[in-house]
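If you want the building blocks of each chain, they are given just below.
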Amino acid sequence: MSNPPDVVTGDLEAPARTQGGAPLGEPGAAPSARRTVHDLWVSGTEAPSDMRGFTDEGAQEMLADESAAVLAAQTGTVVVDDYLSDTTPSGDDIQILNMGPQHPATHGVLRLHIELDGETIRRVKPIIGYLHTGMEKTAETLSFMQGPTNVTRMDYLSPLHNELCFSLATEHLLGIGVPERASAIRVLMTELNRVASHLLWSATTGLDIGALSMMIYGWRERELVLEFFEKTTGLRMNHNYIRPGGVAADLPDGWEVDVDGIIAGVLRGLVDYESLLLDNPIFLERTKGVGVLAPEEIRAYGVTGPLARASGIGYDVRKAFPYSGIEQYDFDVPVFTGGDVYDRFLVRFEEIRQSLRIVKQVRDTMPRGDYRTDDRKVTPPPRARIDQSMEALIHHFKIFTEGFKVPAGETYQAVESARGELGMYLVSNGGHKPWRLHVRGPSFAHVQVLPAMLADSLIADTIAALASADTLMGDVDR
Amino acid sequence: MNRIEAIAAGVPGAAVEDSLGQAVIRVTPEALVAAASAARDAGFDFFVDLCAVDHLTRDPRFDVVVNLLSLEPPERVRLIAGVPGDDATIASITGVFAGADFYEREAFDLFGIEFGGHPDLTRILLPDEWVGHPLRKDAPVGSVPVQFKGSADWTPGTSVGAPGTGHQLMAGPVPSADPFKEANQAT
């Protein structure tokens, strides 16, 4: 940037809300609405008289009627009072509080701009982008072969779901299937990943609301899963294990014993957590009726996963749009109707049980066979074949230099990640790199619903409500 | 006639397509709001996703893609509207789905598509002063310039990316009063 650092330029104020919804792109109208006297102020000179509502970090004005009216009209129900209290306090009573981006309870770099009336939250504006690294642009520069390496770093607490979603989308465009054993391994690994993610969530959320022992227990049990991941994939996170065409390697010898150990260990721990938390009067006080979301808000904002299922919407991608043969295993989708932090705990604890139920079935019925497709255009040949066959050497060379070409087309694939519906919209133009990869991260929608969740609650409940949403900034900012 | 065909029948210029087994309704940019509204009334009331695609050489240049979901019965539909490159403007669907708010801001931020009628169309992922829209196909992939001693275009004492070194991280004109307008014209 060519400006000296103490000159503030750019669009500092949100465009004024036009009456009647006139388009913002109208020539002449928009730029003047966006400009403020503050833009021209150079620090060191006399400051403009009216500096309320501005910092050097961008728009500070919140929109009074952002979505309450839209929601009411859309749902035909009474979802109002999200932003406006009955009596508007005078300017002296309102306090603006910035939480984050370095606040420990945001679990990442989320910034909340909170408008307070005493201890009551009037409005909240989430400000994101602090972790944006342009991974969707990066995806366009990597081949389909390399794609999972990139997407696995997005939602870094359930990396295998990212890889699975990308692989399913690529395979859909290619029109290939994977062997039964590959599908079963994928289900096994992603369900274990869900368990690990929920355990970590229980641990950090427990910490946030004051249950320090929960923090230690959650990490302890999660370690069982991570050890198994390390043994299978070589890494504890960012595995690059599920790839288009199958998985990178077969399960290690004796994996059944490890899985049995995980199931027994986590189930034993789960009993501890429930007796530790669910009847504890302090815990009840801090979670019951806190951060409530109505089913109408769930639908309008596209909230999925445990948040939706705690609010009475029993949508689960695994049941609605089954993938990787997950429909052949018995499991239930827990649904609670309270919509508060307490019910989100119940949903996630029960989901851990259901995931372990799936894992147990996969362990008992693991089919024999290949762990990746034998289509040599997509998966590299076994190492031994390269010494024997010119054809195999050529395939190996082509795959690791150019990658494989994917027919032109577009597809949307979704999987149920630990946080909700993780979708990828993949466009190919017939080359060996994606033309466009859009990732619909569940946390992105969940950050967006925070204003509705927090409005009219107490400032002390912010931490519990925010933690219960399980927003992961790697998933939000990408 | 199934639900999706019924939605398309009520929207002028809409056509149903099958994209590898997934239902797609292609609509004109003017009809996107009407199509979203019709889909919502037909039961696709769960907003899932909105994103943009830059086809660069195609006319219209951009696609705005809206993913909707019906819970009972489980079914997806995708609305795709082509947006021309020289006038990348389309009406916002935040009036139909409140959840489209952040997604439209993201598409505006990364592609420079203006959503008319959006309540707060500001950059969401990038800093407010950013010039250009990086997910456009004509935006270069960023890189960290490596300066070697003796390099023809490096003067001792200058910092990496300083003007005149030929290694600007961000291409384009100097930021002006309305950065994205200028960047649009430059492309």
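Attention here is on the structure that accompanies the text.

Rules of the game
Residues numbered from 1 in each chain as written. Chains lettered and ligands numbered in written order. Predicted model: local features only at pLDDT ≥ 70, side-chain atom pairs only at ≥ 80, totals over all residues. Pairing = 2+ DSSP bridges. Helix = DSSP H or I, 4+ residues; strand = E, 2+ residues; numbered from the N terminus. Axes fitted to C-alpha atoms, helices over the stretch in contact; angles between N-to-C directions. Buried ≥ 20, exposed ≤ 12 C-beta atoms within 10 Å, placed from the backbone. Contact = placed C-beta atoms within 7 Å. Core = buried A, V, L, I, M, F, W, Y, C linked by C-beta atoms within 7 Å.

Quick notes on the sheet that holds strand β8 (residues 409–416) of chain A
Residue and element names in this part refer to chain A.
- The three strands are arranged β8-β9-β10 in an open sheet whose pairing can be described as antiparallel. Since the sheet does not close on itself, it has two edges, and those belong to β8 and β10 (436–440), each with one partner. Strand-to-strand twist of the sheet, defined as the mean angle between neighbouring strand axes without regard to direction, takes the value 15°.
- Pairing between strand β9 (residues 421–428) and β10: five bridges, direction antiparallel. Bridging from a neighbouring strand, V427 pairs with R436 of β10.

Considerations on helix α18 (residues 462–469) of chain A
Residue and element names in this part refer to chain A.
- Along α18, eight of the eight residues are buried, which leaves the element largely enclosed by surrounding structure.
- Among all positions in α18, only T462, I463, A464, A465, L466, A467, S468 and A469 are buried.
- Directly after α18, the chain includes D470, whose backbone phi takes a positive value near 55°.

Concerning the environment of G261 of chain A
- Here G261 of chain A shows up in helix α8 (residues 255–277).
- In the structure, G261 of chain A is positioned 160 residues away from E421 of chain A in sequence and 29 Å away in space, judged by C-alpha atoms.

With respect to the environment of W130 of chain B
Residues and elements named next belong to chain B.
- By the secondary structure assignment, W130 is in the loop between β7 (114–116) and α4 (179–186).
- In this structure W130 comes out as partly exposed when scored by C-beta crowding, with 19 C-beta atoms within 10 Å.
- Taking the C-alpha atoms as reference points, W130 and D109, separated by 21 residues in sequence, lie 9.3 Å from one another.

Quick word on unusual backbone geometry
Residue and element names in this part refer to chain B.
- That bond from D59 to P60 is cis: its omega, -5°, falls within 30 degrees of zero.
- With respect to the secondary-structure elements, P60 resides in the loop between β3 (46–54) and β4 (62–70).
- A positive phi angle, near 50°, is found at L20, a position not held by glycine.
- Position of L20 relative to the elements: it lies in the loop between β1 (15–19) and β2 (22–27).
- Looking at L20, the number of C-beta atoms within 10 Å reads 13, which means it is partly exposed.
- Phi is positive for L56, close to 55°, though the residue is something other than glycine.
- Inspection of the secondary structure puts L56 in the loop between β3 and β4.
- On the basis of neighbour counts, which here come to 13 C-beta atoms within 10 Å, the residue L56 falls in the partly exposed class.

Remarks on the environment of F336 of chain A
All names here are of chain A.
- Its place among the elements puts F336 in the loop between α12 (317–320) and α13 (341–365).
- The class of F336 is partly exposed, set by 19 C-beta atoms lying within 10 Å.
- Separated by 23 residues in sequence, F336 and I313 place their C-alpha atoms 8.3 Å apart.
- Residues in contact with F336, not counting those within four places in the same chain, are R309, A310, D343, L346 and V347.

Focus on the sheet that holds strand β3 (residues 94–99) of chain A
All names here are of chain A.
- One open sheet holds the three strands; their spatial order is β3-β4-β5, and the pairing between them is antiparallel. The outermost strands of the open sheet, each flanked by one partner alone, are β3 and β5 (120–127). Here the strands of the sheet are splayed against their neighbours by 20° on average, with no regard to which way each runs.
- Here β3 runs beside strand β4 (residues 111–117); their pairing, made up of six bridges, is antiparallel.

A few points about the nonpolar core
- L32, A35, V64, L79 and I113 of chain B are the most contacted members of the largest nonpolar core, which totals 161 residues.
- If you tally residues by element for this core, the top one is helix α6 (residues 180–208) of chain A, at 13 residues.
- Excluding residues within four positions of it along the chain, A35 of chain B makes contact with I7, V11, A14, I25, V27 and L79 of chain B.

Some thoughts on the pairing of β5 of chain A
Residue and element names in this part refer to chain A.
- Buried residues dominate β5, accounting for six of its eight residues.
- Where β4 and β5 come together, seven bridges link them in antiparallel fashion. Paired with H113 across the bridge in β5 is K125.
- Linking two consecutive strands that pair antiparallel, namely β4 and β5, is a turn of two residues; a positive phi of about 70° is found at G118 within it.

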